[in-house]
Amino acid sequence: MRVSELVATSGVPLATVKYYLREGLLMPGKPTSATQSTYGDEHVERLALIKALAGAGLSIDRIGTVLRLIEHPKASLFETLGRAIAELPPYDVDVPDYPRAKAALEKLGQVYDPRFVAVAQLERALRAAEEVGIAMTDERLEVYGRHIRGIADYDLSLMPDSVEAAVEYAVIGTAVYEPVITALRRLAHHDIASALERPEQ
């Protein structure tokens, strides 16, 4: 397809497509003349991936890092996923140690690896909960952990076999579905509260 068709199919403006090409986020098309190229489905898919990452708040530099990890993953899927997920917000997790996160993960029987950025994110979140007077209790941790583990089990059961596809799936799944989980939790709160306020028939 010509670049005009790529723009129409992807919904990404021409100036943005050209910018992604210049920055190396979008691979070049197949040249057909000195000034024209053709593009394929892989370009449409790459633009959808870039849009999803940008929509999740990633900078161009961070998007580039994720794309490079997808294209050239490390030998270890665990390491590659950790590095890719670290590019997703929130970023300001400058925490010197992680006693709350370590204790919580140990109670849940989960791996504690302080190199994984989500450990620092959990530490910060648990500390914030303490500071506002609603510290994580063992009961809440058990309930949250059980249900979140179920979501994670389901997600990973759908993960593709290749490292490249698995990294893309995990990063996009995290970027796209974490807001869905948050919204569903809020809507469940709303529904339960509404039910409590309804007069009995």
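Residues numbered from 1 in each chain as written. Predicted model: local features only at pLDDT ≥ 70, side-chain atom pairs only at ≥ 80, totals over all residues. Heavy atoms only, no water.

Colleague: Explain a negative patch on the surface to me, please; I cannot follow it from the model alone.
Modeller: Residues Asp41, Glu42, Glu45 and Glu168 make up a contiguous surface patch of negative charge. Here the element with the most residues in the negative patch is helix α3 (residues 41-55); it accounts for three residues. Along the chain, Asp41 falls in helix α3. (Patch = residues over 30% accessible without salt bridge, like charges linked within 9 Å, V, L, I, M, F, W, Y side chains within 5 Å. Areas by Shrake-Rupley, 256 points an atom, 1.4 Å probe, with all protein chains shown as cover. Salt bridge = Lys/Arg side-chain N within 4 Å of Asp/Glu carboxyl O. Lys, Arg positive; Asp, Glu negative; His and termini not counted. Charge placed at Lys NZ, Arg CZ, Asp CG, Glu CD. Helix = DSSP H or I, 4+ residues; strand = E, 2+ residues; numbered from the N terminus.)

Colleague: Whenever I open this one, the packing of aromatic side chains confuses me. Can you help?
Modeller: Aromatic rings considered in pairs are described by the distance between their centres and by the relative angle of their planes. A full pass over the atoms with the stated rule returns one aromatic pair. Relative to Tyr20, the ring of Tyr19 has its centre 6.1 Å away and its plane inclined at 45 degrees; by these criteria the two rings are tilted. (Phe/Tyr/Trp six-rings, centres within 6.5 Å; stacked < 30°, edge-to-face > 60°.)

Colleague: Sorry, what's going on with the environment of Leu77 here?
Modeller: Looking at where Leu77 falls in the secondary structure, it is placed in helix α5 (residues 77-85). Residue Leu77 is classed as partly exposed on the basis of its relative accessible area of 31%. Counting along the chain gives 80 residues from Leu77 to Ser157, while the straight-line C-alpha distance between them is 15 Å. If near-sequence neighbours (up to four positions away) are discounted, Leu77 is found in contact with Met159, Val163, Ala166 and Val167. (Buried < 20%, exposed > 50% of the residue type's maximum accessible area, 1.4 Å probe, protein only. Contact = heavy atoms within 4.5 Å.)

Colleague: How should I be thinking about helix α6 (residues 99-108) in this particular structure?
Modeller: An α-helix turns once every 3.6 residues. As a result, residues three or four positions apart point the same way. Taken as a whole, α6 has its buried residues at Ala101, Ala104 and Leu105. With its buried residues spanning 95 degrees around the axis, α6 presents them on a single face. Looking at α6, the residues exposed on the side facing more than 90 degrees away from the buried face are Glu106 and Lys107. Looking at the packing, one finds that the buried side of α6 touches α7 (117-131) and α8 (138-157). (Arc of directions from axis to C-beta.)

Colleague: Quick question: what am I supposed to make of the side chain of His43 here?
Modeller: Within the element layout of this structure, His43 appears in helix α3. Within the local environment of His43, its side chain forms a polar contact with the backbone oxygen of Pro28, the two atoms lying 3.2 Å apart. Beyond its immediate stretch of four places on either side in the chain, His43 contacts Leu6, Leu26, Met27, Pro28 and Gly29. (Polar contact = N/O pair within 3.5 Å; in protein donor to acceptor, adjacent residues only side chain to side chain.)

Colleague: So what exactly am I meant to see when it comes to the pattern of salt bridges here?
Modeller: Pairs may arise between side chains of opposite charge once their charged atoms sit close together. Throughout the structure, instances matching the rule amount to eight salt bridges. Lys107 serves as the salt-bridge partner of Asp138, at 2.7 Å between the closest nitrogen and oxygen. Here Lys107 lies in helix α6 and Asp138 lies in helix α8, a separation of 31 residues in the sequence. Both residues of the pair, Asp138 and Lys107, count as exposed. The closest approach of N and O atoms between Glu142 and Arg146, which form a salt bridge, is 2.9 Å. Highlighted residues: Glu142 and Arg146, both in helix α8, separated by four residues, approximately one helical turn. On the basis of relative accessible area, Glu142 is assigned to the partly exposed category, the value being 40%. When salt bridges with common partners are traced through the structure, they connect Arg100, Glu123 and Glu130 into a single cluster.

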